[in-house]
Structures are given as C-alpha cells and as structure tokens.
Amino acid sequence: MKLRSNLQIFGVIVFIVMLSLSSLAQEYIFAGAIVIDKTEVLSYRITYQIDQTNTISGFSISDLNGKEETKAQLTGKYNPKDRTLSYVENKIVYTKSTTPIEEFCLMKVNGKIEKKSGKTIFTGTFEAVGSSDDIICASGTLILLSEKDMDELSAKAVKAVKKLPAAAEKPIETEPEPWSRNVFEIKPGKNVELELKSNELIIELVDDRFQDGDRVSVFKNSVKVIDKLELTNRVQSFKYAIDEQEKEIVFTFLAEDEGSIAQTTFKAVIKNNRENNLFICSLEKGEKVSVIFKKK
C-alpha cells in the first residue's frame, strides 16, 4: 500500500511539472508584410511555438483587420544553428473573404531570422499552392519583425504623428468594388471579347501541368511584346499601360514550341481593373488565340 501511494504521489508530481513546463512554452510572434508577385502587398503575422525537436506549430493571419483577413494553421521546422525557419500553411481556420475556401492558395515559406540594426527580422520567400490545377497561385517574399520590435516602431510612429500639424479633412472614399473571377477555355483560332475597364492590363502566364519546354509569343495589336517565352510552373507577369486614345486592344497568344509533350498548354490570367480573367489554352505549334478588350 505504501509503495502504491508513493507511485501515485510521484505521478502527480510529474504531471504538475509537465503542466508547468507546457504553460511556460515560449510563444513567438512576427508581423510585417508579404509581397505577392512584386505588385501586391498584404499585412501578415505568424504566431508559433517550438517543441524539443525544433518542430513548430501555430497560425498565420494575412490582411490583418482587413476585409480579406484569413487565418491558417501552420507547421514546420526551425534550425537553431543557422536560424532558418521553414513552414507550410496546412488549412484555412477562418476567413472574412467571400472567396470559397476551396479556391484559396496556401503558402510554403522558407526564411531566416537575423539581427539587423538591433532588431530581430525574419525574411524569406514563399510559393503558394492551390487545391487543384485550376487555381493559379502566386509566389513572393516576406519581411517580418518580432512583436517587441514592431511594438517599439508603432510607439515611435504614434509619437511622430502626434507632432505633425493637423491635416485638412478629406472626403470619405467609397469602398472599391469586389474582385470578380471569370474563366474561359479558348479553342485554337478563336477569340474572347471583353470590356476594357482599366488604364493598364496585367498578363500572368504559367504552365501548371508539365514544364516541358512550351513556348509562346504574345502580340499587342499585332506588335510582338513577348518573344518565345518558355512557360514554367512559376507565374510570369507582364504589365501594359493603355493609352487613353486606344479604343480597342487585342492580345494574341501564338504557340511557338510544343516542348517534349504534344500541344502547348498554358493558362493566362489578364487582370482588368478588379477582374481576374483566366484563359485556358491548348494549342499546336503555329496556332493562336486572341483576347479583345474594347472601351464602351
């Protein structure tokens, strides 16, 4: 009986010690921004813990306090020797976005924690992956500060703003229209006609199936603007300004090389104001398709 009592007491002590250690586990928080395809910037924050095997677990939040705020679960590894941190977002926990969760892209991040100018900074790169081939995801970079350094900078910013003279009142800005997404499958020799709604158009090209050496050329109003571009699994972006005098803009995609597998297969996204227009194309060498934008 006495032996059993001692074992029971020992078990309780071990449980209390383990509970105390888990409650003392340090939580790491970094906040800053991600840059998507060098064109779009979103606020971004990660909160995580590190266990005894240097495995990390936690959450990320993008567009913090914004209309697209999204929280995702993350897991990864930390290497204390070179202070590298790698993680993947596993699933969406919640989102304020109207975009269906199955259309979201989840990030794979690789970066390093360093001390720069007395501040702890995490810098890295990311690739994003969707749940299906129909979802085009982006890549980019991120730079995050530790929570302590972020708080210090915020406090300094508040003090600086208080010293500024009062600004004149500005009219209340109307909320921008939500993004829309249209999908088109264009057959060889055919075209799609859309309304031009912007003073610039952004074209994103990707071969999201087999990176086998497919090449395309792109013409803007019969002028070649992209020459025999090799398509890869990474999104390649091109921006074109639209002159006010231009009433019609035609982008023509010409298959230059089918690569090692028959047909030149690619996806092109053309961003037109707040429209994302996805074009799915399968062409033989020499075939082409066109997208026509007209001002109303």
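Parameters at a glance
Residues numbered from 1 in each chain as written. Predicted model: local features only at pLDDT ≥ 70, side-chain atom pairs only at ≥ 80, totals over all residues. Heavy atoms only, no water. Helix = DSSP H or I, 4+ residues; strand = E, 2+ residues; numbered from the N terminus. Buried < 20%, exposed > 50% of the residue type's maximum accessible area, 1.4 Å probe, protein only. Contact = heavy atoms within 4.5 Å. Areas by Shrake-Rupley, 256 points an atom, 1.4 Å probe, with all protein chains shown as cover. Salt bridge = Lys/Arg side-chain N within 4 Å of Asp/Glu carboxyl O. Pairing = 2+ DSSP bridges. Axes fitted to C-alpha atoms, helices over the stretch in contact; angles between N-to-C directions. Patch = residues over 30% accessible without salt bridge, like charges linked within 9 Å, V, L, I, M, F, W, Y side chains within 5 Å.

### What to know about the overall build of the chain
When you go through the chain residue by residue, the secondary structure sums to 2 helices and 18 strands. The 296 residues of the chain split such that 36% are buried. Partitioning the contacts of the chain with sequence separation of at least 6, the portion at a separation of at least 24 is 57%. Accessible surface for the chain amounts to roughly 18,600 Å². Of this, 54% is attributable to carbon and sulfur atoms.

### Some words on the pattern of salt bridges
Using the criterion set out here, one finds 12 salt bridges in the structure. The shortest N-O distance in the salt bridge between E185 and K187 comes to 4.0 Å. The closest approach of N and O atoms between E195 and K296, which form a salt bridge, is 3.8 Å. With E195 in strand β10 (residues 191–195) and K296 in the segment after β18 (288–294), this residue pair connects regions lying 101 residues apart in the sequence. Taking the relative accessible area as the measure of exposure, K296 reaches 85% and is therefore exposed. One network of salt bridges, with partners in common, ties together E193, E248 and K294.

### Things to note about the sheet that holds β10
Here we have 5 strands laid out as an open sheet, ordered β10-β18-β15-β12-β13, and mixed in their pairing. Two strands close off the open sheet at either side, each with one partner strand: β10 and β13 (223–230). Taking each pair of neighbouring strands and ignoring which way they run, the sheet shows an average axis angle of 15 degrees. Where β10 lies against β18, 5 bridges are found, and the strand directions are parallel. Counted as the bridge partner of N191 is S290 from β18.

### Quick notes on the sheet that holds strand β8 (residues 139–146)
Pairing within the closed barrel is antiparallel, and its 8 strands lie in the order β1-β2-β3-β4-β5-β6-β7-β8. Put simply, the sheet's adjacent strands are angled 30 degrees from each other on average, direction ignored. Across 12 bridges, strand β6 (residues 105–116) lies against strand β7 (residues 119–130) in antiparallel orientation. From the neighbouring strand, K116 faces β7, where its bridge partner is K119.

### Examining the pairing of strand β12 (residues 215–220)
Of all 6 residues making up β12, 5 are buried, and the element is well covered by its neighbours. Note: β12 against β13, 5 bridges, orientation antiparallel. Each bridged residue has a counterpart across the sheet, and for K220 the counterpart in β13 is V223. Hairpin connection from β12 to β13: 2 residues lie between these consecutive antiparallel strands, with N221 at a positive phi of about 50 degrees. Taken together, the 6 bridges between β12 and strand β15 (residues 248–257) define a ladder with antiparallel strand orientation.

### Digging into a nonpolar patch on the surface
A cluster of nonpolar side chains, namely F59, V93 and Y94, defines an oily patch on the protein surface of about 230 Å² accessible area. Relative to the assigned elements, V93 resides in strand β5 (residues 84–95).

### Regarding the pairing of strand β11 (residues 200–206)
By the criterion of burial, β11 is predominantly enclosed, with 6 of the 7 residues buried. When β11 meets strand β14 (residues 236–241), the two strands line up antiparallel, connected through 6 bridges. When the bridges of β14 are listed, I202 appears paired with K239. In this structure, β11 lies alongside strand β16 (residues 264–272), joined through 6 bridges in antiparallel fashion.

Take it as geometry only, folks, not as evidence of what the structure does.
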